[in-house]
Amino acid sequence: MSVFLNILTTVGLIVIAILLFELIIFFHEGGHFVAAKLSGIKVNEFALGMGPKIFSFKRKETTYSLRLFPIGGFCAMEGEDADSENPRAFNNAKIYKRMIVIIAGALMNIILGLIFMGIILAPSEYFTTTTVTDFSPKAYSANSGLEVGDKILSVDGYAVNNSMDLSYALSKIKVQDVDGTEIQIYKQDCCNSLYEAYAKLVNDGTISDDATNNAAFEAVCKGADLINDAQNSKEAYEALQQAVVGLSQTVPNVSITIDAIDIQETRPRYRADIEVQRNGERVKLENVDFVTYVTEDNSEPQMAIDFYLDAKDNNFGNLIVETGSQTVSVVRMVYDSLYGMVTGQYSINDLSGPVGIATVAVEVAQTGLENSGFGEAVNNIIYIMMVITVNLGIVNMLPFPALDGGRFVFLLIEAIFRKPIPRKVEAIVNGVGLALLLILIALITFKDVFKLFM
């Protein structure tokens, strides 16, 4: 029974994902449709889906249809792809009206992204800010410049306006080998040794009750503060020894020993330059480190966020602000990713097509289902769809042939030279652009399918 229920649940999630994807298409093509109608342009057909018609009806001059394959849709306007003598044809409309019709689809995608973001954020009890409130006892960032009360403004030049910006900026930091003799590296090792001594007492059962654990953890935190305040390695090691004494006092009759600090020529570190607002002033912090560790499989070093952030209540005003701010953050991430593709930071292996997107949607839905239930699974799907609709809105306005952005460029040229580009030339350019897009989609889809069976 449980297997059957899981299958039904998975099918239900897939159906929800398909419906949400078609909602994205509906908003995009609906933007073109509404703008065309308001501009007096004749719309011949408004369709959801591609391929053969499932059903259709005609109201006044427009045919409305639902088609078999839920992978797209279209708004077919009179005179859009071929010249028409109809005075209400697209090609006969004023340039500014045609421009509005072209950009309306992308604009509606961004609006839908705002709606999805609001739905995602509404259930939150609070919103995370970018102001540091505390550190973990072994925080590397605490001994390399970051302080409690700092409001993070940028990471390696990437502006930070909210927690989403901060998460993305931190994810872009690359591991590097740094000088292992630096004082901040030595202090990090001292804090690690202190914390490992505490963790060992917890793991072997020496510390077993809450009162002792709280006292021991407080001693470790105080010791870490002393180590971080040290000006040189001698002071740092003396602070470590003093901290060990403080930890020992919380667990009487237990001997705690600390090994000598191992100094190496180089160390792997996730390191960044960070700008913060501190006491009303903008301060640049260079070479801020974050906890860097290697897992048991000895893979690439990983980064851990070693500080805590302040929070603000979820009220109506904050919800509106966060919805707008985080949607803008998604837009910025899309542009940054596109820039990464152009500059070679990302390759075709980093792209996903319909198959890859569907796979990710199902995976995040199943993760939400396993962790928190059906509601969380739906919420995860909505998040993926929010990213997709914003992506669609931005990518579709790129100045590339066959995309709305390419058509907009043609209109700009027409507006500047007061003469439309010949239809034959436009058709050839758009045809080549479409062919290149289809080839790219085919390659990405092949890659996504191949990954499914790896």
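One can find the structure itself at the top, above this paragraph.
In this text the structure is predicted, and so the values were computed from the model without any measurement.

**Re the overall build of the chain**
Regarding its fold elements, the chain presents 11 helices and 10 strands. The proportion of buried residues among the 454 residues of the chain is 41%. Once local pairs closer than 6 in sequence are excluded, the contacts in the chain between residues at least 24 apart make up 67%. Summed over all atoms, the accessible surface of the chain reaches about 24,800 Å², with 59% contributed by carbon and sulfur.

**Points about the packing of aromatic side chains**
The description of an aromatic ring pair rests on the distance of the ring centres and on the angle between the ring planes. Tallied over the full model, the rule gives nine aromatic pairs. With a centroid separation of 5.2 Å and an interplanar angle of 55°, the aromatic rings of F33 and F46 are classed as tilted. Linking F33 in helix α1 (residues 2-38) with F46 in strand β1 (residues 43-59), this pair joins segments that are 13 residues apart in sequence. Accessibility expressed as a relative area gives 9% for F46, which makes it buried. With 5.9 Å between their ring centres and 65° between their planes, F33 and Y64 make a pair best called edge-to-face.

**A few points about helix α5 (residues 210-229)**
An α-helix turns once every 3.6 residues. As a result, residues three or four positions apart point the same way. The terminal C-alpha atoms of α5, which comprises 20 residues, lie 29 Å apart, in line with the 28 Å expected from a rise of 1.5 Å per residue. In this fold, the buried residues of α5 make contact with α4 (183-203) and α6 (233-250). A side-chain oxygen of the first residue of α5 lies 3.3 Å from the backbone nitrogen of A211; this N-cap is D209.

**Side note on the pattern of salt bridges**
A complete count under the given rule lists 16 salt bridges for this structure. Linking E414 and R98 is a salt bridge whose minimum nitrogen-to-oxygen distance equals 2.9 Å. One end of the pair, E414, is in helix α10 (residues 404-417); the other, R98, is in helix α2 (residues 95-121), and 316 residues separate them in sequence. Both residues of the pair, E414 and R98, count as buried. Between R267 and D189 there is a salt bridge, and its shortest N-O distance comes to 2.8 Å. With R267 in strand β7 (residues 266-278) and D189 in helix α4, this residue pair connects regions lying 78 residues apart in the sequence.

Reading the values: rules and limits
Residues numbered from 1 in each chain as written. Predicted model: local features only at pLDDT ≥ 70, side-chain atom pairs only at ≥ 80, totals over all residues. Heavy atoms only, no water. Helix = DSSP H or I, 4+ residues; strand = E, 2+ residues; numbered from the N terminus. Buried < 20%, exposed > 50% of the residue type's maximum accessible area, 1.4 Å probe, protein only. Contact = heavy atoms within 4.5 Å. Areas by Shrake-Rupley, 256 points an atom, 1.4 Å probe, with all protein chains shown as cover. Phe/Tyr/Trp six-rings, centres within 6.5 Å; stacked < 30°, edge-to-face > 60°. Expected span 1.5 Å × (residues − 1). Polar contact = N/O pair within 3.5 Å; in protein donor to acceptor, adjacent residues only side chain to side chain. Salt bridge = Lys/Arg side-chain N within 4 Å of Asp/Glu carboxyl O.

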